[in-house]
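# Inside the fold
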Amino acid sequence: MSQIDRYLTAILILGGGVLLGLWLLAGPSREQGSDFESLGADAFRSGLQRMVAEGEGGLVVDGHPLIRVRDDDIFLLARRWEFSPAIELRAHHTYHLHLMAEDVVHSAVIAGSERLLLPGQPQSMTLTTAAAGQLAVQCAEFCGFSHNLMAAFIKISGDP
Ligand SMILES: [Cu+2]
């Protein structure tokens, strides 16, 4: 090994170490824990059914019924390539949001925070709505062909 080869090898090893250090410091920032105790998959499914049954009001958005959430618990199911159901929330209200992936790994970015969603493992977080308008939900984990289109808008209503 020549002197130059040794220098190059040392630079490569040092550079790799620096990059690894930076990645560990600044890299994986998505949260995996829940804000409070998460539900089991069965409790999630029955909660979702209850929310849909209570909130159906005949309004349809993009082919899906719009569910007016009555309770403080919200259930969103992630599957290729949608978050469902379409929901309407009240402005300036704090909810318990429960998310679960049904088929493959997804990740939900909502109100500036990201949750990794492993299939069949619900995640829970608090969500406080702002003023009336829309709140975007976006998938941030590549999940196949139409991943880029996997987004939803939550309607925030000003009515009390
Ligand atoms: Cu995706």
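For the structure given in this document, a descriptive report is provided here.

Rules behind the numbers
- Residues numbered from 1 in each chain as written.
- Predicted model: local features only at pLDDT ≥ 70, side-chain atom pairs only at ≥ 80, totals over all residues.
- Helix = DSSP H or I, 4+ residues; strand = E, 2+ residues; numbered from the N terminus.
- Buried ≥ 20, exposed ≤ 12 C-beta atoms within 10 Å, placed from the backbone.
- Contact = placed C-beta atoms within 7 Å.
- Pairing = 2+ DSSP bridges.
- Axes fitted to C-alpha atoms, helices over the stretch in contact; angles between N-to-C directions.
- Core = buried A, V, L, I, M, F, W, Y, C linked by C-beta atoms within 7 Å.

### What to know about the overall build of the protein
Each helix and strand counted, the protein has 2 helices and 11 strands in total. Each helix (α) and strand (β) of the protein, taken in turn from the N terminus, gives the series α-α-β-β-β-β-β-β-β-β-β-β-β. When burial is assessed residue by residue, the protein has 22% of its 160 residues classed as buried. In the protein, the proportion of contacts linking residues at least 24 apart, taken out of those at least 6 apart, comes to 53%.

### Brief notes about the sheet that holds strand S11 (residues 151–157)
Consider a sheet: its strands pair through backbone hydrogen bonds, and that pairing is either parallel or antiparallel. Pairing in this open sheet of 7 strands is mixed, and the strands run S1-S2-S5-S11-S10-S7-S8 from one edge to the other. On the outer flanks of this sheet lie strand S1 (56–61) and strand S8 (113–117), each paired with one strand and no other. The sheet shows a mean angle of 30 degrees between the axes of neighbouring strands, direction not considered. Inspection of the sheet shows strand S7 (residues 106–110) paired to S8 by 5 bridges, in the antiparallel sense.

### Points about the nonpolar core
By size, the foremost hydrophobic cluster in this structure holds 27 residues, and its most contacted members are Phe75, Leu76, Ala78, Leu99, Met100 and Ala108. Among the secondary structure elements, those contributing two or more residues to this core are helix H2 (41–55), strand S3 (73–79), strand S5 (86–90), strand S6 (94–101), strand S10 (133–139) and S11. Broken down by element, this core gets its largest block of residues, 5 residues, from S3. Setting aside residues no more than four positions away along its own chain, leucine 76 makes contact with Phe83, Leu97, Leu99 and Val137.

### Observations concerning the sheet that holds S6
Read across the sheet, 4 strands follow the order S4-S3-S6-S9 without closing on themselves; strand pairing throughout is mixed. Every other strand in the sheet has two partners, leaving strand S4 (82–84) and strand S9 (123–128) as the edge strands with one partner each. For this sheet, the mean angle separating the axes of adjacent strands, direction not counted, is 30 degrees. Bridge count between S3 and S6: 6 bridges; the pairing is parallel. Residue pairing in the sheet places isoleucine 74 in a bridge with leucine 97 of S6. Across the face of the sheet, H2 comes into contact with S3 and S6 while running at roughly 110 degrees to S3.

Taken by themselves, the reported measurements are silent on function.
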